[in-house]
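Descriptive analysis of the structure
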Amino acid sequence: MKRLLILGGGTAGTIMANKLAPVLNKSEWQITLIDESRLHYYQPGFLFIPFGIYSPDDVTKPSRDFYPSGVEVITTPVDVIEPKDNRVRLTDGRQIGYDYLIIATGCRIHPEEIEGLMDGGWRENIFDFYTIEGAIALANYFKYWEGGRLVVSIAEMPIKCPVAPLEFVFLADWWFTEQGMRNKVEIELVTPLPGAFTKPIASRYLGEFLQRKNIALTTEFAIARVDGAQKKIVSWDNRDVAYDVLVTIPTNMGAEVIVRSGMGDELNFVPTEKHTLRSRDYENVFVIGDATNLPSSKAGSVAHFQSDVLVENLLRAAERRELKESYDGHANCFIESGFGKGVLIDFNYDVEPLPGKFPLPGIGPFSLLEETRMNHWGKMTFRWVYWNLLLKGAEMPIEAQMTMAGKMRQPA
Ligand SMILES: Cc1cc2nc3c(=O)[nH]c(=O)nc-3n(C[C@H](O)[C@H](O)[C@H](O)COP(=O)(O)OP(=O)(O)OC[C@H]3O[C@@H](n4cnc5c(N)ncnc54)[C@H](O)[C@@H]3O)c2cc1C
C-alpha cells in the first residue's frame with residue numbers, strides 16, 4: 001500500500017481528500033488526513049459577523065461532515081514534518097510515514113508581531129475579524145459603540161483574502177448608515193500598498209469607491225507600532241493615524257509546524273513551484289492553499305482552482321510522469337460593497353482584474369469590476385456553494401485556468 005498523507009483538513013485539505021478518494025485505487029492507496037481541529041470554519045463568513053449578518057453557527061460545522069468515507073482521519077496536532085525521512089511526528093508521539101505528502105496547513109494572523117498591538121486595548125477597542133473570536137468580540141463592541149474614528153489597518157502583505165479589509169470598510173459604511181449614525185463615524189483604511197488593492201486597474205476602481213463612500217485611504221503606511229495609551233498607530237517613517245476603535249489585519253504567517261520542520265520562508269510559507277504546486281525542495285511533497293509562498297491570492301477560490309491541478313499532478317507523480325505546469329494563478333473573488341451590492345474580480349498571475357461578464361461571456365449573470373445586485377447575491381450564495389459543493393469537491397462550472405472570454409481588454 002502507498003500512503004498519501006494530507007496535512008490540514010481546512011478548505012484545501014478537505015477538497016483534496018474529496019477529489020482523491022474516488023480516483024485512487026483503494027487496494028493500492030491509503031489516504032490519511034490529519035488536522036488538529038474538529039471544527040471547520042467558513043472563514044469568508046467572519047466578515048459578516050461584526051455586522052450581525054451571520055452568527056457563529058452560520059460559519060461553523062463539524063469537520064467530519066465533510067471528509068469522505070474511506071479516508072483515515074486523525075485529529076491531533078502535527079508536531080514536525082521530517083521530509084528527508086518521509087514521515088511526520090504528532091504531538092502525542094505517534095509517527096506516520098508517507099509516500100506522498102500534501103501540505104494544506106493554511107496561515108493565521110500573528111498580532112504579537114506588531115509592537116504594542118496586544119499591550120493595551122486588545123479586544124477592548126482593538127479587534128481583528130480574521131478569527132471567529134475576534135469577529136464575535138467586534139460584533140458585541142459595535143452593538144454599543146456610539147461613534148468616533150474607526151481605523152482598519154493592514155499590517156503587511158500577503159494576507160488571506162486581500163479584498164476582505166475593503167469589504168469590511170464598505171460594510172461598515174452601510175451598517176452605520178443603517179444604524180442612523182454614519183455622521184458620527186469616520187472610517188479610514190490604512191494600507192502598506194500604494195492603493196486600495198494589489199493590482200492597478202482594480203485599485204483605481206476600488207479607490208474611487210472609497211472616495212464616493214467618504215472612506216479615507218492612507219497608503220504606503222508600514223506599521224511600526226501601536227500606541228494604545230495615545231490611541232494611534234505609528235509607521236516606520238513616523239506618520240501616525242489616530243483611532244477610537246482599531247480593526248487590525250495583523251501579519252499573516254504560515255503554520256508553526258512549518259517553522260519547526262525548517263520548511264518555510266521568513267513568513268513560514270512553503271517554497272512551492274509556481275505552476276505545478278510541487279514543493280521546491282522535496283519531490284514527493286506538494287503544497288496547496290494558503291500554505292504556499294506563491295504570489296496568487298490566499299483565497300478559498302484559489303485552493304479550489306489549485307486542487308484540479310494538484311489532483312492531476314499527484315497522479316502523474318505516482319506514475320513517474322512529468323508534471324503539468326498548468327496552475328496559472330487563477331483567483332476569483334466577490335467583493336461585498338454594501339447596500340445590497342457587490343463587485344466580482346477574476347484574474348491570474350499575469351492578467352489583472354478586467355471588466356466584463358462572468359462566467360458566461362457576454363451574458364454573465366455576474367459582472368466583472370462592476371457593482372451589481374447580482375454580484376451581491378453571488379457572494380451570499382457562496383456560503384451554500386462552499387458547504388455543499390466546493391468542500392465536497394463537486395464539479396463547478398468554472399475552469400481552473402482563467403479565461404479571457406467575456407473580458408474587455410483595458411490598458412493599465
Ligand atoms: C475574514 C476572511 C474573509 C475571507 N473571504 C474570502 C472570500 O470571500 N473568498 C475566498 O475565496 N476566500 C476568502 N477567505 C480566505 C479563505 O478562507 C482561505 O484562503 C482558505 O480557507 C484557505 O484554505 P487552506 O486549506 O489553505 O487553509 P485553512 O482552511 O485555514 O486550513 C488549514 C488547516 O490546517 C490545520 N493545521 C494547521 N497547523 C496544523 C498542525 N500543526 N497540525 C494539524 N493541523 C494543522 C488547521 O487546523 C486548519 O484546519 C477569507 C478569509 C478570511 C479570514
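Residues numbered from 1 in each chain as written. Predicted model: local features only at pLDDT ≥ 70, side-chain atom pairs only at ≥ 80, totals over all residues. Heavy atoms only, no water.

**A look at the environment of Thr76**
Looking at where Thr76 falls in the secondary structure, it is placed in the loop between strand 5 (72–74) and strand 6 (78–82). Look at Thr76 and you get buried, because its relative accessible area is 9%. Taking the C-alpha atoms as reference, Thr76 lies 45 Å from Val185; in sequence the two are 109 residues apart. Here Thr76 is in contact with Ile34, Asp35, Glu36, Leu90, Thr91, Asp92 and Arg94, once residues within four sequence places are set aside. (Helix = DSSP H or I, 4+ residues; strand = E, 2+ residues; numbered from the N terminus. Buried < 20%, exposed > 50% of the residue type's maximum accessible area, 1.4 Å probe, protein only. Contact = heavy atoms within 4.5 Å.)

**Here we look at unusual backbone geometry**
Of the consecutive residues Met157 and Pro158, the connecting peptide bond is found in the cis state with omega at 0°. Tracing the chain through its elements places Pro158 in the loop between strand 12 (148–154) and helix 3 (164–178). Residue Pro365 is reached from Gly364 by a cis peptide bond, and omega for that bond is 15°. The phi angle at Arg123 is positive, at roughly 65°, despite the residue not being glycine. Here Arg123 shows up in the loop between strand 10 (107–109) and strand 11 (126–127). Despite not being glycine, Lys231 has its phi angle at roughly 50°, a positive value. Here Lys231 lies in the loop between strand 15 (223–227) and strand 16 (232–235). Residue Lys231 is classed as partly exposed on the basis of its relative accessible area, which comes to 32%.

**Points about the sheet that holds strand 11**
As summarised here, the arrangement of the five strands in space is 11-18-12-13-14, forming an open sheet in which the pairing is parallel. Across the chains shown, the open sheet's two edge strands, defined by having one partner strand only, are strand 11 and strand 14 (215–218). Alignment of strand 12 against strand 18 (residues 245–249), held across five bridges, turns out to be parallel. Looking at the pairing, Val151 lines up with Leu246 of strand 18. (Pairing = 2+ DSSP bridges.)

**Some details on the packing of helix 1 (residues 11–20) against helix 6 (residues 300–318)**
Contact geometry of helix 1 with helix 6 gives a least axis separation of 9 Å together with a crossing angle of 40°. One element, helix 1, and the other, helix 6, form an angle in the oblique class. The way helix 1 lies across helix 6 gives a crossing that is right-handed. Every residue of helix 6 that contacts helix 1 at Thr11, Ala12, Ile15, Met16, Lys19 and Leu20 is listed here: Gly300, Ala303, His304, Ser307, Asp308, Leu310, Val311 and Leu314. Taken together, the residues of the contact of helix 1 with helix 6 break down into eight nonpolar, four polar and two charged. (Axes fitted to C-alpha atoms, helices over the stretch in contact; angles between N-to-C directions. Parallel < 35°, antiparallel > 145°, perpendicular 65-115°, else oblique. Left-handed = near helix turned anticlockwise from the far one by under 90°. Nonpolar A, V, L, I, M, F, W, Y, C, P; charged D, E, K, R; others polar.)

**Concerning the packing of aromatic side chains**
Across all of its chains, the model carries 27 aromatic pairs by this definition. Aromatic side chains Trp29 and Tyr100 sit 5.9 Å apart centroid to centroid with 40° between the ring planes, which places their arrangement in the tilted category. With Trp29 in strand 2 (residues 29–34) and Tyr100 in strand 9 (residues 100–103), the pair connects residues that are 71 residues apart, well separated along the chain. Here Tyr100 falls in the buried class, since its relative accessible area comes to 7%. (Phe/Tyr/Trp six-rings, centres within 6.5 Å; stacked < 30°, edge-to-face > 60°.)

**Regarding helix 6**
The end-to-end C-alpha distance of helix 6 is 26 Å, a good match for the 27 Å that 19 residues give at a rise of 1.5 Å each. Taken as a whole, helix 6 carries its principal kink of about 30° at Ser307. Of all 19 residues in helix 6, 14 are buried; the element is thus mostly enclosed. (Expected span 1.5 Å × (residues − 1). Bend = angle between axes of the 7 residues up to and from the residue.)

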